[in-house]
Amino acid sequence: DEQYEKIEWYDENNNIVSFPLVLTKNTTLYAKYITKKFDVKFISDGEDLQNIKVEYGKQIEKPNDPIVEGKKFKYWSLSTDGEEFDFGTQIKENITLYAVFDKITYTVKYMNLNDDGTYTQIGNTYKLDYDSDLPLIDNPEKEGYTFEGWSKEKNGEILNLPIKVRENITLYSV
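Note that the coordinates shown come from a computational prediction; the quantities given were computed from them, not determined experimentally.

**Focus: a nonpolar patch on the surface**
In step 1: Where nonpolar side chains cluster on the molecular surface, the patch consists of I7, W9, F19, L21, L23 and Y33 and spans about 590 Å² of accessible area.
In step 2: Along the chain, the position of L21 falls in the loop between β2 (16-17) and β3 (30-35).
In step 3: Overall, the relative accessible area of 36% leaves L21 in the partly exposed class.

**Points about the sheet that holds β2**
In step 1: The strand order β2-β1-β3 describes an open sheet built from three strands, whose pairing is antiparallel. Each end of this open sheet is capped by a strand with a single partner; those strands are β2 and β3.

**What about unusual backbone geometry?**
In step 1: Here the amide bond leading from F19 into P20 is cis, since omega sits at 5°, within 30 degrees of zero.
In step 2: As for its placement among the helices and strands, P20 is situated in the loop between β2 and β3.
In step 3: Residue P162 is reached from L161 by a cis peptide bond, and omega for that bond is 5°.
In step 4: Tracing the backbone through its elements, the reader meets P162 in the loop between β11 (150-151) and β12 (164-165).
In step 5: Residue N14 is not a glycine yet carries a positive backbone phi of 65°.
In step 6: With respect to the helices and strands, N14 occurs in the loop between β1 (4-10) and β2.
In step 7: Phi is positive for D45, close to 55°, though the residue is something other than glycine.
In step 8: As for its position among the elements, D45 is in the loop between β4 (37-44) and β5 (47-55).

How each quantity is defined
Residues numbered from 1 in each chain as written. Predicted model: local features only at pLDDT ≥ 70, side-chain atom pairs only at ≥ 80, totals over all residues. Heavy atoms only, no water. Patch = residues over 30% accessible without salt bridge, like charges linked within 9 Å, V, L, I, M, F, W, Y side chains within 5 Å. Areas by Shrake-Rupley, 256 points an atom, 1.4 Å probe, with all protein chains shown as cover. Salt bridge = Lys/Arg side-chain N within 4 Å of Asp/Glu carboxyl O. Helix = DSSP H or I, 4+ residues; strand = E, 2+ residues; numbered from the N terminus. Buried < 20%, exposed > 50% of the residue type's maximum accessible area, 1.4 Å probe, protein only. Pairing = 2+ DSSP bridges.

Quick look at the structure:
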C-alpha cells in the first residue's frame, strides 16, 4: 500500500524479527506497518519559518500568519505567487508552502497655505509602497512669503527630507 513506508515483523514477545528466519517451533509473526511521513516546510519572505513531519494522508493545521514589515499576509501557497493552499488537503508527498503577501501602500499629499489661512492640495495624491522614498515636488511660491520646507503638521516642525514612506502622509508648506 502506498501509505506505508515498510512493514516490520514481530514475534509474540514483541521482538523484532529479521529474515531469513530459522524456525524451531510454531511461531506467530505480527506485522507492524510503518506509515510514511512527509516534510512540510513553511517559508515566509525567503526565510524558513517552520518544518514539520506529517503522516501520509493527514492534514496540516494552518500556522499563525507571519508578520513582515511593510507587507500584509494573504495566504499560504505551493508557489511564491500561486493560488491559496487548501488546508483540508491530504498530504501524500513533501511540500513547501510559501507565504503570499500584498504590499502595503500609503498616500502622500502636499498642501499649500492660502491667503485666508486654509490649505489647498497641490499636485497629485501619490500612492506609494511601504518604505518608498517620499517624492519631492517643486517648492511652492507665494508672493510675500519665503518657503522654508514641509511639515507633517500645520505650522509644525520642518522635516529633514528625504524620508521613507511608512504611513499616510499629508505635508503642509511652512
